[in-house]
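# Inside the fold
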Amino acid sequence: MLGEALRGQFPALNQEIGGHPLVYLDNGATTLKPDCVIESITSVYARDCANVHRGVHTLSQRATQRQEEARVTAQRFLNAPEARECIFVRGTTEGINLVANTWGRANLGPGDEVLITAMEHHSNIVPWQMVCKATGATLQVADIDDDGALVMDDYRAKLSSKTKMVSAIHVSNALGTVNPVEEMIRLAHDAGALVLLDGAQSAPHQPVDVQALDVDFFVFSGHKVYGPTGVGILYGRESLLDAMPPWEGGGDMIRTVTFEETTYAGLPSKFEAGTPNIAGAIGLGTAMEFLMGLDLAKVAEHEADLLRYATERLDSIDGLRRIGTAEDRAGLVGFVLDWAHPHDVGTILDHEGIAIRAGHHCAQPVMDRFQVPATARASFGVYNTREDIDRLVSALHSVKEIFAP
Ligand code: 7TS
């Protein structure tokens, strides 16, 4: 049911670029959307178009019910104990900023430390840098090795009673590294620290169980799990979310307001001020149902096969060097070529109808670590096939003929 059999459900795949059928290998940036998600979003605007949580009329009740059903779907998707622990946010970036700005400002001070890894996306570096600056806390960074794997000895060495939060990428968007998160979480908890996992690149590719992981916060973006842009989920343990101050003030997040004092609503409303991305939340619900319907364990297997195949085929190209060679990898392969800049590679591949990403992938410290300005990255999704990889490899051979005849 994966690969070729799914392609008909993704209308964006049914087009030609420069006279070639589209090969979409930029799923790490965003995934294409299946018909069911597009129809789900359209049906909100076409039929159930109303604001949520405030209307007595039928349309508002329908919109509210559908949004809250999507929250229950998120609870199932993550195996969260309670639906109210799943907060709708704008995406991974907003989820991390929310925790940094609420939990962080309330709990960090001079002498405290936040530990991240050297393979983080900018969205898991900058918010912590900002909150450390504001609170006097210190940002620590656990090293990675030449394969792009976390150096566990360094992680252990940098964990101490000063560490209040470990905020780590689950699967690296630049290297594909899958971090040993179970061990990282256990060690962090032993040291008395909380753990936030950036699941932007794990949630699309494997089952996630926040209870089995015993993780305190988990964030992911809707648009990378075949859902719409502008929506995502922050999961947090209820006791932690309850104790955190609100993020934005406004409608829907209050219990009572006077000019002297405001009391706040309970979860999840406390963190959802203002009119939310209603159609986005509902579309994300449909996307999570879609992925669970495919069985995420099978998705993981399918993409692992593509990764193995791509690795083998790319390694047969002279002058191609893969960046990110850790043992445990998922979802993507990054590489540089001796004979062409990644941006030129990306542009030429586009002429062949092949979409990849070239750049620093919002992970400049990773590029610095590997002393490259950028990499080319092919990232996989449920609809990709071995033929897509064959097309990529044959187009790379054409690039080689242009640059290194
Ligand atoms: N964390 C990781 C690991 C990511 O890969 C991304 C986006 C983000 C956070 C931010 O997600 P957002 O939805 O809030 O923007 N990564 C990429 C990428 O690799 N190419 O384009 C976006």
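Scope of this entry: the structure provided in the associated data block. (Residues numbered from 1 in each chain as written. Predicted model: local features only at pLDDT ≥ 70, side-chain atom pairs only at ≥ 80, totals over all residues. Heavy atoms only, no water.)

## Observations concerning the pattern of salt bridges
For the structure on display, the rule yields 24 salt bridges. A salt bridge links R66 to D48; the shortest N-O distance between them is 2.8 Å. In this pair, R66 sits in helix α2 (residues 58–78) while D48 sits in the loop between α1 (35–46) and α2, placing the two residues 18 residues apart along the sequence. Accessibility assignment for this pair places R66 and D48 in one class, buried. In this structure, E82 engages R84 in a salt bridge whose closest nitrogen and oxygen atoms are separated by 3.6 Å. Among the residues examined, E82 registers a relative accessible area of 30% and is labelled partly exposed. (Salt bridge = Lys/Arg side-chain N within 4 Å of Asp/Glu carboxyl O. Helix = DSSP H or I, 4+ residues; strand = E, 2+ residues; numbered from the N terminus. Buried < 20%, exposed > 50% of the residue type's maximum accessible area, 1.4 Å probe, protein only.)

## Thoughts on unusual backbone geometry
The peptide bond linking L267 to P268 adopts the cis configuration, its omega dihedral lying at 0 degrees. Turning to its location among the elements, P268 is positioned in the loop between β12 (262–264) and α9 (278–294). Backbone geometry places N79, a non-glycine residue, at a positive phi of 50 degrees. If you trace the backbone, N79 turns up in the loop between α2 and β4 (86–89). For N79, a relative accessible area of 32% corresponds to the partly exposed category. You will see that H361, though not glycine, has its phi angle at about 60 degrees, which is positive. Inspection of the secondary structure assignment puts H361 in the loop between β16 (357–359) and α12 (364–369). For H361, a relative accessible area of 0% corresponds to the buried category.

## Let's talk about the sheet that holds β16
An order of β13-β14-β17-β16 is seen for the four strands of this open sheet, with the pairing classed as antiparallel. The strands lining the two open edges of the sheet, one partner per strand, are β13 (320–323) and β16. Ignoring strand direction, the axes of neighbouring strands in this sheet form an average angle of 30 degrees. As judged from the three bridges shared by β16 and strand β17 (residues 375–379), these two strands associate in the antiparallel manner. Its bridge partner being in β17, A358 is matched across the sheet by A376. Helix α10 (residues 296–314) contacts β13 and β14 (332–337) of the sheet and is inclined by roughly 15 degrees relative to β14. (Pairing = 2+ DSSP bridges. Axes fitted to C-alpha atoms, helices over the stretch in contact; angles between N-to-C directions. Contact = heavy atoms within 4.5 Å.)

## A look at helix α13 (residues 386–403)
Helix length check: α13 (18 residues) gives 26 Å between terminal C-alpha atoms against 26 Å at 1.5 Å per residue, within 8%. Those residues of α13 not exposed but buried are D388, I389, L392, V393, A395, L396 and V399. Take α13 and look down its axis: the buried residues cluster within an arc of 165 degrees, on one side only. (Expected span 1.5 Å × (residues − 1). Arc of directions from axis to C-beta.)

## Some points on the environment of F403
Looking at where F403 falls in the secondary structure, it is placed in helix α13. Separated by 156 residues in sequence, F403 and W247 have C-alpha atoms that sit 51 Å apart. Residue contacts for F403: discarding those within four places in its chain leaves W339, A340, D344 and I348.

## Topic: the site of the ligand
Close to the ligand lie 16 residues, the nearest being T93, D198, S221, R357 and R377. Residue T92 places a main-chain N or O atom 3.5 Å away from an oxygen atom belonging to the ligand. In the model, an oxygen atom of the ligand is placed 2.6 Å from a nitrogen or oxygen of the T93 side chain. Placement of the ligand is best described as lying within the largest pocket. Residue composition of the shell around the ligand, grouped by class: three nonpolar, nine polar and four charged. (Near = heavy atom within 4 Å. Polar contact = N/O pair within 3.5 Å; in protein donor to acceptor, adjacent residues only side chain to side chain. 1 Å grid on protein atoms, 1.4 Å probe; cavity = no way out; pocket = protein on both sides within 12 Å on 5 of 7 lines; lining within 4 Å. Sits in = over half its atoms within 2 Å of the grid points. Nonpolar A, V, L, I, M, F, W, Y, C, P; charged D, E, K, R; others polar.)

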